[in-house]
Amino acid sequence: MLIFAHRGASGYSPENTMVSFHKALEQHSDGIELDVRLTKDGVPVVCHDATIKRTSNGKGYIHDFTLEELKTYDFGSWYSDEFKGECIPTLEEVLILLKNRDILVNIEIKNGPIIPDHLEDEILHLIYKYECNEKVIVSSFDHISLKKLNQLDNTIKIGFILHHNLIHLFDYIDNSGIKPYSIHPNHFYTNKEMLINAQKRNIRVFPYTIDDLQLGEYYKNLGVDGMITNKPLAFKQSNVFTSN
Ligand code: G3P
Ligand code: CA
C-alpha cells in the first residue's frame, strides 16, 4: 500500500514547495506527487495552478514569467508566516533532492490554458540527467501529452489521471496505444470492477485525493495499490496502512 504525498506533505506545509517535499520525506511517504508547468523561458517549475495568485504574494500566469522573475515571489506566507520566503521550486531542484532517496516521484504534467510544445521533452531531459527513470511516474489529465511523452520514450512509467467516471474505461485504455503503469482515478469512481480490470492488465490503481483515514481504510480493503493524500503523516502513523 503506497502512500503518495499530494503536492508534497501539503496538509502540513505550503503545497509544491521544497519544505513540503522535505516533510514528505521525513514522514516516510512512499511517493511524492507534484505538478509541473513551463515558464516563459522554458524551465519546468512546480506549481499546481496556471497562475501564482493563490499560492504566492504575486499574480499572473506562470507562462508569462521567467524563472528569475518567479523566484522573487514568496510561495510560503499564504499558508503561514512560518513558511515565509519559500520560493517556487524547479523540477530540477526537486529531482536533485529525491534522486538518491527511496521514494517514487509522480510528476503530473499540468497543461492549460496554453499547451506548451516542449514540456514533455524538458521533463524527459531532467529524468535522464538525474537518472530517475526507475522512480518516476509521469501522470496527467492531458492524455495527449502522455501519448507524446510515451512516443518519445516508451520505457517511462505513465499514469492516466481520471477525473470522470468513464463509460468503457478499459476499452479507452486498451485503445490508447499506451500500456500505463497506473491509473489515478478520482476516488469517488474507484470501485471493485475497476480494480479487477486493472489487475488483469497489471495496471496499478492510485486514487486521489484521500485525507480521511476511514475512507482510506475503505479503499485499502477494496484493494487499491496506493493512494494520494495531503496527509501522509496521518496515514503513515496508522497501523492500518503500514501493516503490509
Ligand atoms: O494526481 C492526482 C491529483 O493531483 C490530480 O488533481 O488538481 O490536485 O492536480 P490536482
Ligand atoms: Ca496534481
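Along each chain, residues carry numbers from 1 onward, in the same order as the chain's sequence is written. Lettering for chains starts from A, numbering for ligands starts from 1, and both go in the order in which the items are written. Only residues with pLDDT of 70 or above have their local features reported here, since the model is predicted, and side-chain atom pairs are shown and tallied only from 80 upward, although totals for entire chains, interfaces and linings are computed over all residues. Here the side-chain values reflect all heavy atoms present in the structure, with hydrogen atoms and water set aside.

Trainee: Even after reading the chapter, I still don't get the nonpolar core, so can you show me in this structure?
Mentor: Nonpolar side chains in soluble globular proteins generally cluster together in the buried interior. Grouping buried Ala, Val, Leu, Ile, Met, Phe, Trp, Tyr and Cys residues that are joined through side-chain atoms within 4.5 Å yields what is termed a nonpolar core. Buried residues are those whose accessible area, probed at 1.4 Å on protein chains only, stays under 20% of the maximum for their type, while exposed residues exceed 50% and partly exposed ones sit between those limits. By size, the foremost hydrophobic cluster in this structure holds 54 residues, and its most contacted members are Leu34, Ile123, Val138, Ile183 and Met227. In this description, contact between two residues means that some pair of their heavy atoms is separated by no more than 4.5 Å. Setting aside anything within four residues of it in sequence, one finds Met227 in contact with Met1, Leu2, Ile3, Phe4, Pro207, Ile210, Gly216, Tyr219, Lys220, Phe235 and Phe241. In this structure, Cys47, Ile62, Phe65 and Leu70 belong to the second largest nonpolar core, which totals 9 residues.

Trainee: Explain the pattern of salt bridges here, please?
Mentor: Where charged atoms of side chains with opposite charge meet at close range, the side chains can pair. Note on definitions: salt bridges are taken to be side-chain nitrogens of Lys or Arg within 4 Å of carboxyl oxygens of Asp or Glu. Under the counting rule described, the total for this entry stands at 11 salt bridges. Note that Glu15 is salt-bridged to Arg54, the shortest N-O span being 2.7 Å. Residue Glu15 is located in the loop between β1 (2-6) and α1 (18-26), and its partner Arg54 is located in the loop between β3 (44-46) and α2 (67-70); the two are separated by 39 residues in the primary sequence. The exposure class of Glu15 is buried, given its relative accessible area of 10%. Overall, the relative accessible area of 36% leaves Arg54 in the partly exposed class. Lys236 is the partner of Asp30 in a salt bridge, and the nearest nitrogen-oxygen pair spans 2.9 Å. Of the two residues, Asp30 is situated in the loop between α1 and β2 (31-38) and Lys236 in helix α9 (residues 232-237); the sequence distance between them amounts to 206 residues. Put simply, DSSP marks the helices as runs of H or I at least four residues long and the strands as runs of E at least two long, and each gets a number from the N terminus on.

Trainee: Whenever I open this one, the pairing of strand β4 (residues 104-109) confuses me. Can you help?
Mentor: The side chains of a regular strand alternate between the sheet's two faces. For β4, a buried count of 6 out of 6 residues is recorded, marking the element as mostly surrounded by other parts of the structure. What you see with β4 is no split at all: Leu104, Asn106 and Glu108 on one side and Val105, Ile107 and Ile109 on the other are buried throughout. In this analysis, strands are considered paired if DSSP registers two or more bridges between them. With 6 bridges joining them, β2 and β4 adopt parallel strand pairing. Counterpart to Ile32 in the pairing with β4 is Val105. With 4 bridges connecting them, β4 and strand β5 (residues 136-140) associate as parallel partners. Bridged to Asn106 within β5 is Ile137. With helix α4 (residues 119-129) bridging β4 and the parallel β5, this β-α-β connection has right-handed handedness. Call a crossover right-handed when, viewed with both strands pointing away from you, the route from the first strand across the helix to the second goes clockwise.

Trainee: Help me understand helix α5 (residues 143-152), please; the structure alone is not making it clear to me.
Mentor: Owing to its 3.6 residues per turn, the α-helix brings residues three or four apart onto one side. Looking at α5, one finds that the buried residues are His143, Ser145, Leu146, Leu149 and Asn150. Down the axis of α5, the sector holding all buried residues measures 150 degrees, keeping them to one side. Residues Ile144 and Gln151 are exposed on α5 and point more than 90 degrees away from its buried face. For α5, the elements touching its buried residues are β4, α4, β5, β6 (157-162) and α6 (169-174). The opening residue of α5, the one whose side-chain oxygen lies 3.1 Å from the backbone nitrogen of Ile144, is Asp142. As used here, the arc belongs to the directions running from the helix axis to the C-beta atoms. Residues adjacent in sequence count toward polar contacts only when both atoms are side-chain atoms; beyond that, a polar contact is any pair of N or O atoms within 3.5 Å, and within protein one must be able to donate a hydrogen and the other to accept it.

Trainee: Just to check I follow, could you spell out the side chain of Thr190 for this structure?
Mentor: Within the element layout of this structure, Thr190 appears in the loop between β7 (182-185) and α7 (192-200). Among the polar contacts made by the side chain of Thr190, one reaches the main-chain carbonyl oxygen of Asn186 at a distance of 3.3 Å. Among all residues touching Thr190, those that are not within four sequence positions of it are Pro185, Val205, Pro207, Tyr219, Leu222 and Val224.

Trainee: So what exactly am I meant to see when it comes to the site of ligand 1 here?
Mentor: Distances are taken per atom, and a residue is near a molecule or strand as soon as one of its heavy atoms is within 4 Å of it. Near ligand 1 you find His6, Arg7, Glu33, Asp35, His48, Glu108, Lys110, Phe141, Ile161 and Tyr208, and these make up its full shell. One of the side-chain nitrogen or oxygen atoms of His6 is found 2.8 Å away from an oxygen atom of ligand 1. A 1.4 Å probe and the Shrake-Rupley method give the accessible areas. Residues count as covered only by the protein chains that appear here. When ligand 1 sits alone it has 290 Å² of accessible area, and the protein chains cover 90% of it. Only Asp, Glu, Lys and Arg are considered charged in this grouping, and only Ala, Val, Leu, Ile, Met, Phe, Trp, Tyr, Cys and Pro are considered nonpolar; every other residue, Gly among them, is considered polar. Of the residues contributing to the shell around ligand 1, the split by class is 3 nonpolar, 2 polar and 5 charged.

Trainee: What is the right way to look at the packing of α1 against helix α3 (residues 91-98) in this model?
Mentor: Each pair of packed helices gets described by two things: the angle between the helix axes and the distance between those axes. Here the axes come from fitting lines to C-alpha atoms, over the contacting stretch only for helices, and the angles between their N-to-C directions go from 0 to 180 degrees. The contact between α1 and α3 brings their axes to 11 Å, and the two run at 20 degrees. Judged on the interaxial angle alone, α3 and α1 are roughly parallel. Considering only the axes of α1 and α3, their crossing is right-handed. In this structure, α1 contributes Met18, Phe21, His22 and Leu25 to the contact, and α3 contributes Glu93, Val94, Leu97 and Leu98. Geometric relationships in this document are graded by angle, where less than 35 degrees denotes roughly parallel, more than 145 denotes roughly antiparallel, 65 to 115 denotes roughly perpendicular, and other angles denote oblique. Here a crossing is called left-handed whenever its near helix is offset anticlockwise from the far helix by less than a right angle, and right-handed whenever the offset is clockwise.

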